[in-house]
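Chain and residue survey
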Amino acid sequence: MAPHQPVLLEAALAFLAPRRGGRYVDGTVGGGGHAAALLAAVGGDAQLLAIDRDPQALAVARRRLAPFGDRVHLVHGDFRDLERHLASLGWDRVDGILLDLGVSSMQLDDPSRGFSYQEEGPLDMRMDPGQPLTAADLVNTASRDQLARWLAEYGEERWAGRIADFIVEARRRRPITTTTELVEIVKAAIPARARRRGGHPARRTFQALRIAVNDELRGLEGFLRAAAQRLRPGGRLVVIAFHSLEDRAVKRAFRDLAAGEGFRLLTRKPVTPGEEEVRRNPRSRSAKLRALQRLAAGPAPAGGEPRTGAGARASPCDATR
Ligand SMILES: C[S@@+](CC[C@H](N)C(=O)[O-])C[C@H]1O[C@@H](n2cnc3c(N)ncnc32)[C@H](O)[C@@H]1O
């Protein structure tokens, strides 16, 4: 299985601007791509709290980050429990927090995880296999209207109502248990004319169910506001979002924080991957990176635009505060 390619890597590092001796959090460590680059870039004795809700991802990250020894603290859990994870290390404040949201290639490319509409597998989609509800549970028990809402809201699926109707009809005959069964139902629901446009017909349905199964949007905005308070003066919060609702939550939280005292936006507009990155890694195409900095107690530092990757489209920094 191909390793996950970290998205917007150079931009993420440029905005985190890690320093020797600093304490960092990677709330979505995945395969450890961003984490390894951060630790390698800073060297010395910087430490990293690396969190993931997927134990398989953590196992990969553990191997990848082994060369950094006890500078890395791996935790199986949800980044939304950051307070507890920090307390377990006795950390109060940190110098940087990175969230690279969504799903990893390792999860998408493993048919047994049920994330992929391209391959046959159980209809699972749990990032944390310890959580009780799978995609099959939702598909077979949620009301027609709830299914339609998820598909419309999380999948931005134009045919949400029709797909929900077809799911309800199909599950009357027998429970829907595999990815291919669901793909066939979605294909049957979307009129042939529309199926020829906009990529794989089941892509949006699978995205919507994945977000619902993992409750990915719950409390994100509130979490970001709280996490920002855990930054030391000068510390940075960097978030890479892949879905418009996610990005909207990040944008709102950052805007509100920067409107008050003590924070400034480092990205007025989100940073997106350049053509070269999208060509190399098509899964990066919807990525949007936003960054926020906690101001030092004294005068606001003069903001300069971090140098990002060759192709990345960086926005001007807000250096007005
Ligand atoms: C896009 S991948 C991260 C890839 C990583 N940056 C790398 O370079 O390999 C997202 C990861 O975040 C994890 N994840 C998603 N939501 C999470 C949450 N609320 N708490 C902890 N981990 C989460 C997923 O299990 C997945 O492994």
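Keep in mind it's a predicted model, so treat the numbers as computed, not measured. (Residues numbered from 1 in each chain as written. Predicted model: local features only at pLDDT ≥ 70, side-chain atom pairs only at ≥ 80, totals over all residues. Heavy atoms only, no water.)

**A few points about the overall build of the protein chain**
Within the protein chain, the secondary structure is distributed over 14 helices and seven strands. Considered along the principal axes of its C-alpha atoms, the protein chain spans approximately 65 × 40 × 35 Å. By the burial criterion, 53% of the 321 residues in the protein chain qualify as buried. For the protein chain, the proportion of contacts with a sequence separation of at least 24, taken over those separated by at least 6, is 73%. Put simply, the protein chain shows about 14,400 Å² of open surface, and 50% of that area lies on carbon and sulfur atoms. In the protein chain, the 51 positive side-chain charges and the 39 negative ones have mean positions that sit 4 Å from each other. (Helix = DSSP H or I, 4+ residues; strand = E, 2+ residues; numbered from the N terminus. Buried < 20%, exposed > 50% of the residue type's maximum accessible area, 1.4 Å probe, protein only. Contact = heavy atoms within 4.5 Å. Areas by Shrake-Rupley, 256 points an atom, 1.4 Å probe, with all protein chains shown as cover. Lys, Arg positive; Asp, Glu negative; His and termini not counted. Charge placed at Lys NZ, Arg CZ, Asp CG, Glu CD.)

**Concerning the environment of Leu292**
Turning to its location among the elements, Leu292 is positioned in strand S7 (residues 288-294). Classification of Leu292 by relative accessible area gives buried; the value is 0%. Here the alpha-carbon distance between Leu292 and Ala258, two residues 34 residues apart in the chain, equals 7.9 Å.

**Overview of the domain arrangement of the protein chain**
Domain assignment breaks the protein chain into domain 1 (9-102 + 217-294) and domain 2 (118-213). Of the residues lining the interface, nine residues belong to domain 1; the matching set on domain 2 comes to 10 residues. A per-class count over the side of domain 1 that touches domain 2 returns three nonpolar, four polar and two charged. (Domains from an automatic or database assignment. Nonpolar A, V, L, I, M, F, W, Y, C, P; charged D, E, K, R; others polar.)

**What to know about the packing of aromatic side chains**
Tallied over the entire structure, the rule returns two aromatic pairs. For the ring pair Phe79 and Phe223, a centre distance of 5.1 Å and an interplane angle of 55° mean the geometry is tilted. With Phe79 in the loop between strand S3 (72-76) and helix H4 (82-89) and Phe223 in helix H12 (residues 220-228), this residue pair connects regions lying 144 residues apart in the sequence. On the basis of relative accessible area, Phe79 is assigned to the buried category, the value being 12%. Judged by relative accessible area, Phe223 falls into the buried class, the value being 9%. (Phe/Tyr/Trp six-rings, centres within 6.5 Å; stacked < 30°, edge-to-face > 60°.)

**Some remarks on the confidence of the model for the protein chain**
Low-pLDDT portions of the prediction should not be read for the details of their coordinates. Residue-level pLDDT values for the protein chain average 92, and 92% of them are 70 or greater. In this model, residues 299-305 is a region of pLDDT below 50 whose contacts with residues beyond four sequence positions or in other chains number 12 contacts. Contacts from residues 314-321, a stretch scored under 50 in pLDDT, to residues over four places away or in other chains number 32 contacts. (pLDDT = per-residue confidence, 0-100.)

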